[in-house]
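Report on the structure
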Amino acid sequence: MGAGKSTVGKLLAKKLGRRFLDADHVIEERCGVKIPVIFEMEGEDGFRKREAQAIQEITAQTDLVLATGGGAIILPENRQCLSERGTVIYLHANPIELWHRTKGGEGRPLLKNGDARRILESLYAIRDPLYREIADHVIETGKPSVNQLVNTLIMQLELST
C-alpha cells in the first residue's frame, strides 16, 4: 500500500515489452465499482475472496507484469500462486514512508478508520515477513526515482536468468 507497485509496474512492463495488469483494477472492472465500495458492501473478507480469484486467473497468463494490492500477500493461496507462477518483486518501503505517501487515505479502506500511521505499522509487521518469504527480489523504494528503480530491477532480472 503506497510502495509504488502500479507506477513501477507500468514502466517495467513497458521496458520489458509486456502487458501490465493491476489486480485491483481488474477487480474493479469485474465488479463495476471501486475497491472502497467492495470493502463497504462485503468487508475485507469478501474483497480478499475476489482478489484471490483474480490472482488465480491472472497468474495463469504469461508475459505480463502484475501489480497486486498490498494485502494480497496475506492469503497463503495468493503467495503460492505468485511464487510458483512468476518472479516476485517486493517493493519495500518502511511504514513512515508509506504513511507519507498515503496521507489522506483516499481509496484505501484499511486506513480510513483510525490512526493511519499505526495501522500502517501494524500492516507492515504482518506483511513484510510474508513478502520476504516469497520475494525473488527486494527493492528499496525510498530514494531512487521510478526510472532508477526500474533500471535496477531490469539489471537484477537479467542477472538472475
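Shown above is the structure to which this text applies.
Described below are features of the structure shown in this document.

What counts, and where the lines are drawn
- Residues numbered from 1 in each chain as written.
- Predicted model: local features only at pLDDT ≥ 70, side-chain atom pairs only at ≥ 80, totals over all residues.
- Heavy atoms only, no water.
- Helix = DSSP H or I, 4+ residues; strand = E, 2+ residues; numbered from the N terminus.
- Buried < 20%, exposed > 50% of the residue type's maximum accessible area, 1.4 Å probe, protein only.
- Areas by Shrake-Rupley, 256 points an atom, 1.4 Å probe, with all protein chains shown as cover.
- Expected span 1.5 Å × (residues − 1).
- Bend = angle between axes of the 7 residues up to and from the residue.
- Contact = heavy atoms within 4.5 Å.
- Salt bridge = Lys/Arg side-chain N within 4 Å of Asp/Glu carboxyl O.
- Axes fitted to C-alpha atoms, helices over the stretch in contact; angles between N-to-C directions.
- Parallel < 35°, antiparallel > 145°, perpendicular 65-115°, else oblique.
- Left-handed = near helix turned anticlockwise from the far one by under 90°.
- Nonpolar A, V, L, I, M, F, W, Y, C, P; charged D, E, K, R; others polar.
- Polar contact = N/O pair within 3.5 Å; in protein donor to acceptor, adjacent residues only side chain to side chain.

1. Let's talk about the overall build of the protein
Counting secondary structure elements, the protein contains 7 helices and 4 strands. The order of helices and strands in the protein, counted from the N terminus, is α-β-α-α-β-α-β-α-α-β-α. Scored against the burial criterion, the 161 residues of the protein give a buried share of 41%. Accessible surface for the protein amounts to roughly 9,100 Å². Of this, 50% is attributable to carbon and sulfur atoms.

2. Looking at helix H3 (residues 35–58)
Compared with the 34 Å implied by 1.5 Å per residue over 24 residues, the 18 Å span of H3 between its first and last C-alpha is markedly short. Along H3, the largest kink reaches about 115 degrees and is centred on Glu42. Ile35, Ile38, Phe39, Gly46, Phe47, Arg48, Glu51, Ala52, Ala54, Ile55 and Ile58 are the residues of H3 that are buried. Each element contacted by the buried residues of H3 is listed here: strand S1 (19–22), helix H2 (23–31), strand S2 (64–67), helix H4 (76–85) and helix H6 (116–134).

3. Overview of the pattern of salt bridges
On inspection of all chains with the given rule, the structure shows 7 salt bridges. Taking the shortest distance from any N to any O, the salt bridge between Glu28 and Lys34 comes out at 3.9 Å. Arg79 serves as the salt-bridge partner of Glu133, at 3.7 Å between the closest nitrogen and oxygen. Of the two residues, Glu133 sits in helix H6 while Arg79 sits in helix H4, which places them 54 residues apart along the sequence.

4. Topic: the packing of H3 against H4
Direction vectors running N to C along H3 and H4 enclose 15 degrees, while the axes themselves pass 10 Å from each other. When the interaxial angle is binned, H3 and H4 end up roughly parallel. Viewed along their axes, H3 and H4 form a crossing whose handedness is left-handed. Residues Glu51, Ala52, Ile55 and Gln56 of H3 form the contact with H4, whose own contacting residues are Glu77, Asn78, Cys81, Leu82 and Arg85. When its residues are assigned to classes, the contact of H3 with H4 shows 4 nonpolar, 2 polar and 3 charged.

5. Structural notes on the side chain of His92
With respect to the element layout, His92 can be found in strand S3 (residues 89–92). A polar side-chain atom of His92 sits 2.7 Å from a polar atom in the side chain of Tyr124. Engagement of the side chain of His92 in a polar contact is seen with the side chain of Glu140, the distance being 2.7 Å. Not counting residues within four places of it along the chain, the set of residues in contact with His92 comprises Tyr124, Asp128, Arg132, Val138, Ile139, Glu140 and Thr141.

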